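For reference, the chains in residue letters:
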Amino acid sequence: MKQFIDFIPLLLFFIVYKLDPRVVDIAGHEVTVGGIYSATAMLIISSLVVYGALFIKQRKLEKSQWLTLIACLVFGSLTLAFHSETFLKWKAPVVNWLFAAAFIGSHFIGDRLLIKRIMGHALTLPDPVWTRLNIAWIGFFLFCGAANLFVAFTFQSIWVDFKVFGSLGMTVLFLVAQGIYLSRHLHDADTTTPKTED
């Protein structure tokens, strides 16, 4: 669910980006709506609203949510300040690679792998399975970062489409594959767990 909450600002960004650019009057100010720069402004505003609402409701944000919000503010603000979409093109690769770095670091820092810290309250798995799962997330984030970077600077006409639907598609496929992998191990764990009689 947290993964999909992150897509709300991205979907709003996409909708505004696809609008034919037009000048509208908002509170007595003429504002251009449509295109990359108004979409970037929408991304910043909607991220503040979404994560602000989560913070008010939960009294906290996950570290990954803080990273996503800060990256949005930094790269979005640079895009608007310098009127260059290049900064925004780097957002997805950098965020994905920072997530990969966090999963890598958990192999060497701390007493538990990051994936176990995230999912360990809900699942009981052998340590080798946690290790494979953590490595899978590293590979996923490295691949997503590289794919976003490649498309953004090679296929500039479709990079926004890929940023939204490509990222969503890769996430859904990976989560389905993870679910299939985990279901096999959970089934194995169930059959080996001794039953108790009342």
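By the naming in an unreviewed UniProt entry, the chain goes by Inner membrane-spanning protein YciB and is assigned to Pseudomonas hamedanensis. The heading Sequence similarities (unreviewed entry) in the UniProt record of the chain holds the text "Belongs to the YciB family." Under the UniProt heading Function (unreviewed entry), the entry covering the chain gives this text: "Plays a role in cell envelope biogenesis, maintenance of cell envelope integrity and membrane homeostasis."

How would you explain the packing of aromatic side chains if you had to name every residue and give the values?
Under the defined criterion, the tally for this structure stands at 14 aromatic pairs. On the basis of an interplanar angle of 10° and a centroid distance of 6.0 Å, the ring pair of Phe103 and Trp137 is categorised as stacked. Of the two residues, Phe103 is situated in helix α6 (residues 91-105) and Trp137 in helix α8 (residues 127-154); the sequence distance between them amounts to 34 residues. Summarising the burial analysis for this pair, Phe103 and Trp137 share the class buried. Taking the centre distance of 5.8 Å and the plane angle of 75° together, the rings of Phe150 and Phe155 count as edge-to-face. Among the residues examined, Phe155 registers a relative accessible area of 40% and is labelled partly exposed. In this structure, Lys89 packs its charged tip against the face of Phe153, placed 5.3 Å from the ring centre.

Got a sec to walk through the pattern of salt bridges? Specific residues and values, please.
Pairs may arise between side chains of opposite charge once their charged atoms sit close together. Applying the stated rule across the entire model yields three salt bridges. With its nearest N and O atoms 3.2 Å apart, the salt bridge here joins Lys18 to Asp161. Pair noted here: Lys18 is in helix α2 (residues 7-18) and Asp161 is in helix α9 (residues 159-192), with a separation of 143 residues, a long-range link. In this structure, Lys89 and Glu85 form a salt bridge, with 3.3 Å as the shortest nitrogen-oxygen distance. A relative accessible area of 23% means that Glu85 is categorised as partly exposed.

Go over empty space enclosed by the protein with me, naming the residues and quoting the values.
Enumeration over the complete set of coordinates arrives at one cavity of 30 Å³ or more. Approximately 50 Å³ is the volume attributed to the largest cavity. Lining the largest cavity, in full, are Leu88, Lys89, Ala92, Pro93, Asn148, Val151, Ala152, Trp159, Phe162 and Lys163. Of the residues contributing to the lining of the largest cavity, the split by class is seven nonpolar, one polar and two charged.

Describe the pairing of strand β2 (residues 29-33), naming the residues involved and giving the relevant values.
One ladder, built from five bridges, connects strand β1 (residues 22-26) with β2; its direction is antiparallel. Bridging across to β2, Asp25 finds its partner in Glu30. Taken together, β1 and the strand that follows it, β2, pair antiparallel across an intervening segment of two residues, in which Ala27 is found at a positive phi of about 55°.

How each quantity is defined
Residues numbered from 1 in each chain as written. Predicted model: local features only at pLDDT ≥ 70, side-chain atom pairs only at ≥ 80, totals over all residues. Heavy atoms only, no water. UniProt positions renumbered as here; feature names shortened; annotations may be inferred. Phe/Tyr/Trp six-rings, centres within 6.5 Å; stacked < 30°, edge-to-face > 60°. Helix = DSSP H or I, 4+ residues; strand = E, 2+ residues; numbered from the N terminus. Buried < 20%, exposed > 50% of the residue type's maximum accessible area, 1.4 Å probe, protein only. Lys NZ or Arg CZ within 6 Å of the ring centre and 35° of its normal. Salt bridge = Lys/Arg side-chain N within 4 Å of Asp/Glu carboxyl O. 1 Å grid on protein atoms, 1.4 Å probe; cavity = no way out; pocket = protein on both sides within 12 Å on 5 of 7 lines; lining within 4 Å. Points joined across faces, edges and corners; volume = space filled by probe spheres on them. Nonpolar A, V, L, I, M, F, W, Y, C, P; charged D, E, K, R; others polar. Pairing = 2+ DSSP bridges.

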